[in-house]
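Topology and contacts: notes
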Amino acid sequence: MHKLWHSVVLLVVCSVAIVAAAHAGETPDKTDEQTPLPQAYALPEDYKPIETHPKPGEGIQKYAEDAQSGAQANFGVQPIHDNEIFATLLVDRLEFQSREWTGAFVWDATGWVGTDYNKLYLESEGTILPNQLHVDEAMLELYYGRAVTKFWDIRAGVRWDVEPKPERVYAALGILGLAPYWFEVEANAYLSDQGNVTARLEVEYDIQITQRWILQPRFETNVAFQDVRKYNIGAGFNDFELGVRLRFEEARQYAPYIGLSWNRKLGETAKLANFDGEDISQLSVVLGLRLWFF
């Protein structure tokens, strides 16, 4: 009897454990529960999802393929604005330089018109001495430029030195573009009508302090491959200009600036200038305006 009682109790306990374990494995079914959307995002009562079968579109093609041979093969393709003719004019420097307080007005402007690959450049640089009411230096350059890489143009053209007298004309060949790390580089070699060979290198770099304040270091140097006594030019490096300008771009089209410029004659050219009583080194405070038209 005692064993039978124990068996009944054990059977009841096992049954209760089995039922409890079965209920413990169950999880509340929340799939049927839906969080109501806010009234602003509630869908209309007659809303039904629509099944669509979008077709893949066609890739954009250029109006004229580069180096395409034969007849035009992309008629009927919508053109994009590529290889259009553009034009711009940049007056990079229009400034007054103190030059030991005697003063000088300096201009440096570049304009071009053309497409992505072919451009026609017109450049001008010069100096006016206001105390003498005299144009000290004036130069015009005309180039045809051809893009040979994404960031570089090869240019060929002519340079005309209007001042100082007598006038000189050069054949010019050079490169213009962006070096790695965004250095703007212009390098030209010149052959004058009298057979003299010279070269010029200009390097600029824009340091964007803020969206409107930009600091621009600038370096320029001239080299002659022979003496030209008529113009007090000696063979070798003639001079360099090292400057820094801080401009404020109120708009991209115009930006006033202030800075410093140091001009120094070098080598044989410095000796010739010293012999004539000219200053071989000048430190100037500059105040100017940068203009951009397009």
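Below is a short write-up of the structure. Computed from a predicted structure; not experimentally measured. (Residues numbered from 1 in each chain as written. Predicted model: local features only at pLDDT ≥ 70, side-chain atom pairs only at ≥ 80, totals over all residues. Heavy atoms only, no water.)

Each helix and strand counted, the protein has 2 helices and 13 strands in total. Among the 294 residues that make up the protein, the fraction classed as buried is 30%. Contacts spanning at least 24 positions in sequence make up 43% of the contacts within the protein whose residues lie at least 6 apart. Only carbon and sulfur atoms are counted for the fraction: they give 64% of the accessible area of the protein, which is about 20,400 Å². (Helix = DSSP H or I, 4+ residues; strand = E, 2+ residues; numbered from the N terminus. Buried < 20%, exposed > 50% of the residue type's maximum accessible area, 1.4 Å probe, protein only. Contact = heavy atoms within 4.5 Å. Areas by Shrake-Rupley, 256 points an atom, 1.4 Å probe, with all protein chains shown as cover.)

The next point concerns empty space enclosed by the protein. Summed over the entire model, instances satisfying the criterion amount to 1 cavity of 30 Å³ or more. Looking at the largest cavity, its volume works out to about 40 Å³. Around the largest cavity sit Asp 92, Gln 216, Arg 245, Arg 247, Tyr 257 and Arg 290, which together line it. Classifying every residue of the lining of the largest cavity by side-chain character gives 1 nonpolar, 1 polar and 4 charged. (1 Å grid on protein atoms, 1.4 Å probe; cavity = no way out; pocket = protein on both sides within 12 Å on 5 of 7 lines; lining within 4 Å. Points joined across faces, edges and corners; volume = space filled by probe spheres on them. Nonpolar A, V, L, I, M, F, W, Y, C, P; charged D, E, K, R; others polar.)

Moving on: the layout of surface pockets. What the second largest pocket holds in volume is close to 1,200 Å³. Considering the residues around the second largest pocket, the lining is formed by 38 residues, among which Leu 90, Trp 112, Leu 176, Leu 178 and Glu 184 are closest to the centre. Elements with a contribution of two residues or more to the lining of the second largest pocket: strand S1 (86–97), strand S2 (104–114), strand S3 (118–129), strand S5 (152–163), strand S6 (168–179), strand S7 (183–192), strand S8 (197–204) and strand S13 (281–293). Ranked by residues supplied to the lining of the second largest pocket, first place goes to S3 with 5 residues. Each residue belonging to the lining of the second largest pocket can be placed in one class, and the counts come to 16 nonpolar, 5 polar and 17 charged.

This next bit is on the pairing of S1. Here 11 bridges tie S1 to S2, and the two strands are oriented antiparallel to one another. Within S2, the position partnered with Thr 88 by the bridge is Trp 112. Pairing of S1 with S13 involves 6 bridges; the strand directions are antiparallel. Counted as the bridge partner of Gln 97 is Val 286 from S13. (Pairing = 2+ DSSP bridges.)

Looking now at the nonpolar core. Counting 5 residues, the largest nonpolar core is built from Tyr 121, Tyr 143, Tyr 170, Ala 172 and Tyr 190. Ignoring anything within four residues of it in the chain, the contact list for Tyr 143 reads Lys 119, Leu 120, Tyr 121, Glu 123, Arg 155, Ala 156, Gly 157, Ala 172, Asn 188 and Tyr 190. (Core = buried A, V, L, I, M, F, W, Y, C linked by side-chain atoms within 4.5 Å.)

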